[in-house]
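# Coordinate analysis (summary)
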Amino acid sequence: MGKIDIPKKAIYRLSIYHRCLQKLHDNNVETVSSTTLARAAGVKPAQLRKDLAYFGQFGTRGLGYPVEILSNIIRETLGREHLQPVILVGAGNLGSALLRYQGFGREGFEVVAAFDSMPEAAIARGVMIPVISIDRLEEFIEERAIKLAILCVPVEAAQSIANRLVNAGVQGILNFSPIVLEVTEEVTVNNVDLALELEHLGYFIR
Ligand SMILES: NC(=O)c1ccc[n+]([C@@H]2O[C@H](COP(=O)([O-])OP(=O)(O)OC[C@H]3O[C@@H](n4cnc5c(N)ncnc54)[C@H](O)[C@@H]3O)[C@@H](O)[C@H]2O)c1
């Protein structure tokens, strides 16, 4: 299938649909209605139908969507036929906790290496994947054609590490450092900020 122009927010929802479809497939479910899939994904049925319309006419009225076919189409669109290699920079408290998580493979990603200015300390935290000196960052990214990185360094180091990642070829950064990174237009940065999320939740429980 050629590359379809899908908005960023819809791409995010496609990942969620894909995850739901995988679960249904694991439970031997062959077809799913738009109402059921929408509920499982936490979106409105109309939103789901609109998102899936990017793939043309899909699903049979009354029967629903074919789980396996739809899951394969979304996986292909998201470019997840193969495990996508990811690196992590900053294997401290947060970084090493993420590195110990075993579930990325199931979601289509493989954290292939971590980089730190003090790799020995990171290794001592019981991380099982290779922790490499930050001096070898560019060499590794270029050799392995790495496009995705998770950034968990202290805020003072974040922008300069982001520059190095981008100059070496990284196109997507999942940023945990509390800073708005300045990157070129071709690079996508997604920020994760748990404190901000808690603050948002806190507002609603008042
Ligand atoms: N987004 C969130 O919700 C969230 C939650 C917790 C922490 N954080 C942020 O994540 C970052 C890491 O937090 P932490 O508690 O793990 O800190 P930490 O000090 O335990 O870990 C930081 C690691 O980065 C390494 N490092 C420092 N400078 C480096 C450099 N120039 N190059 C390579 N490695 C370098 C250190 O050696 C250390 O291993 C901080 O910016 C923190 O504010 C974000």
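Residues numbered from 1 in each chain as written. Predicted model: local features only at pLDDT ≥ 70, side-chain atom pairs only at ≥ 80, totals over all residues. Heavy atoms only, no water.

### So, the packing of helix α7 (residues 137-144) against helix α8 (residues 155-168)
Two elements in contact, α7 and α8, have axes whose closest approach is 9 Å; the angle formed by their N-to-C orientations is 30°. Judged by the inter-axis angle, α7 sits roughly parallel to α8. Considering the relative orientation of α7 and α8, their crossing is right-handed. Note on element contacts: α8 touches α7 through R164, L165 and A168, opposite L137, E138, I141 and E142. Residues that form the contact of α7 with α8 fall into these classes: four nonpolar, no polar and three charged. (Axes fitted to C-alpha atoms, helices over the stretch in contact; angles between N-to-C directions. Helix = DSSP H or I, 4+ residues; strand = E, 2+ residues; numbered from the N terminus. Parallel < 35°, antiparallel > 145°, perpendicular 65-115°, else oblique. Left-handed = near helix turned anticlockwise from the far one by under 90°. Contact = heavy atoms within 4.5 Å. Nonpolar A, V, L, I, M, F, W, Y, C, P; charged D, E, K, R; others polar.)

### Structural notes on helix α9 (residues 194-205)
Over its twelve residues, α9 runs 17 Å from end to end, which matches the ideal 16 Å to within 8%, given 1.5 Å per residue. The distance from a side-chain oxygen at the start of α9 to the backbone nitrogen of A195 is 3.1 Å, and the residue carrying that oxygen is D193. (Expected span 1.5 Å × (residues − 1). Polar contact = N/O pair within 3.5 Å; in protein donor to acceptor, adjacent residues only side chain to side chain.)

### Observations concerning unusual backbone geometry
With a phi angle near 60°, N28 is a residue other than glycine that sits in the positive phi range. With respect to the helices and strands, the residue N28 is situated in the loop between α1 (8-26) and β1 (31-32). One non-glycine residue, A145, lies in positive phi territory at about 50°. Structurally, A145 is set in the loop between α7 and β6 (148-151).

### Things to note about the sheet that holds strand β5 (residues 131-133)
Each strand in a sheet pairs with another by means of backbone hydrogen bonds, the pair being arranged parallel or else antiparallel. Spatial ordering of the open sheet is given by β5-β4-β3-β6-β7-β8, a layout of six strands whose pairing is parallel. Where the open sheet ends on each side, the last strands, each with one partner, are β5 and β8 (188-191). Recorded for the sheet is a direction-independent mean angle of 25° between the axes of neighbouring strands. The pairing of β6 with strand β7 (residues 172-175) spans four bridges and is parallel. For L151, the partnering residue across the bridge sits in β7 and is N175. Helix-sheet contacts for helix α5 (residues 93-100) involve β3 (84-89), β4 (109-116) and β6, and the interaxial angle to β3 is about 155°. (Pairing = 2+ DSSP bridges.)

### Focus on the layout of surface pockets
Counted as a void, the largest pocket has a volume near 2200 Å³. The wall of the largest pocket is formed by 46 residues, among which I11, Y12, S15, F109 and N190 lie closest to the centre. Among the elements of the structure, α1, α4 (67-77), β3, β4, β6, β7, β8 and α9 are those that each provide at least two residues to the lining of the largest pocket. A per-element tally of the lining of the largest pocket places α1 first, with eight residues. Classifying every residue of the lining of the largest pocket by side-chain character gives 23 nonpolar, eleven polar and twelve charged. (1 Å grid on protein atoms, 1.4 Å probe; cavity = no way out; pocket = protein on both sides within 12 Å on 5 of 7 lines; lining within 4 Å. Points joined across faces, edges and corners; volume = space filled by probe spheres on them.)

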